[in-house]
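Summary of structural features
Now for the letters of each chain:
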Amino acid sequence: MNGKSAGVALAVLALAIVKSEAVTCYSCQSTLASNCQDPFNPAGVPTCTVHAKGVGSCVKARATVNGITTFVRGCFSATSTTDYCQSYKNAVNCLCTTDYCNEGRILKPTICLSSSALIVAASAIHFAIKDQYL
């Protein structure tokens, strides 16, 4: 392999590494956009991208408070490379690690979230519900 070919190969490898460090997710709150609930309609829904040194994740959270179900989708910087969900009382919070993976329905929880991920998701739902009543 000559110098020019090696340079091209390194550039392609560098682009692949940079791409793998970012994840693009849907970003919405059902209190502000009805198409954010399940069934999800991604038409016109904004996106966010996590450019993290570690691993970027998409988050999808669902909570029911006083009979009102709220959905939140967005980006989260996490160090996990595994997709997982956490259920707590009337809430389910899921993290996933591929582009636009937070569009699907929430699956049955199988693995515990880290406490920081749970706090972020719970805070997002709290503020979404709070904004609805202001």
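1. Things to note about the pairing of strand S5 (residues 68-78)
Here strand S2 (residues 28-29) pairs with S5 via two bridges, running antiparallel. The residue bridging Cys 28 from the neighbouring strand is Arg 73, located in S5. When strand S4 (residues 55-65) meets S5, the two strands line up antiparallel, connected through 11 bridges. Across the sheet, the residue bridging to Thr 64 is Thr 69, located in S5. Following S4, the chain reverses through two residues before pairing antiparallel with S5; Asn 66 in that reversal takes a positive phi of roughly 50°.

2. What about the environment of Cys 75?
If you trace the backbone, Cys 75 turns up in strand S5. The class of Cys 75 is partly exposed, set by a relative accessible area of 25%. C-alpha of Cys 75 to C-alpha of Gly 56: the two residues are 19 residues apart in sequence and 7.4 Å apart in space. Setting aside its immediate chain neighbours within four residues, Cys 75 contacts Cys 25, Cys 48, Thr 49, Val 50, Ser 57 and Val 59.

Here is what the cut-offs are and how they apply
- Residues numbered from 1 in each chain as written.
- Predicted model: local features only at pLDDT ≥ 70, side-chain atom pairs only at ≥ 80, totals over all residues.
- Heavy atoms only, no water.
- Pairing = 2+ DSSP bridges.
- Helix = DSSP H or I, 4+ residues; strand = E, 2+ residues; numbered from the N terminus.
- Buried < 20%, exposed > 50% of the residue type's maximum accessible area, 1.4 Å probe, protein only.
- Contact = heavy atoms within 4.5 Å.

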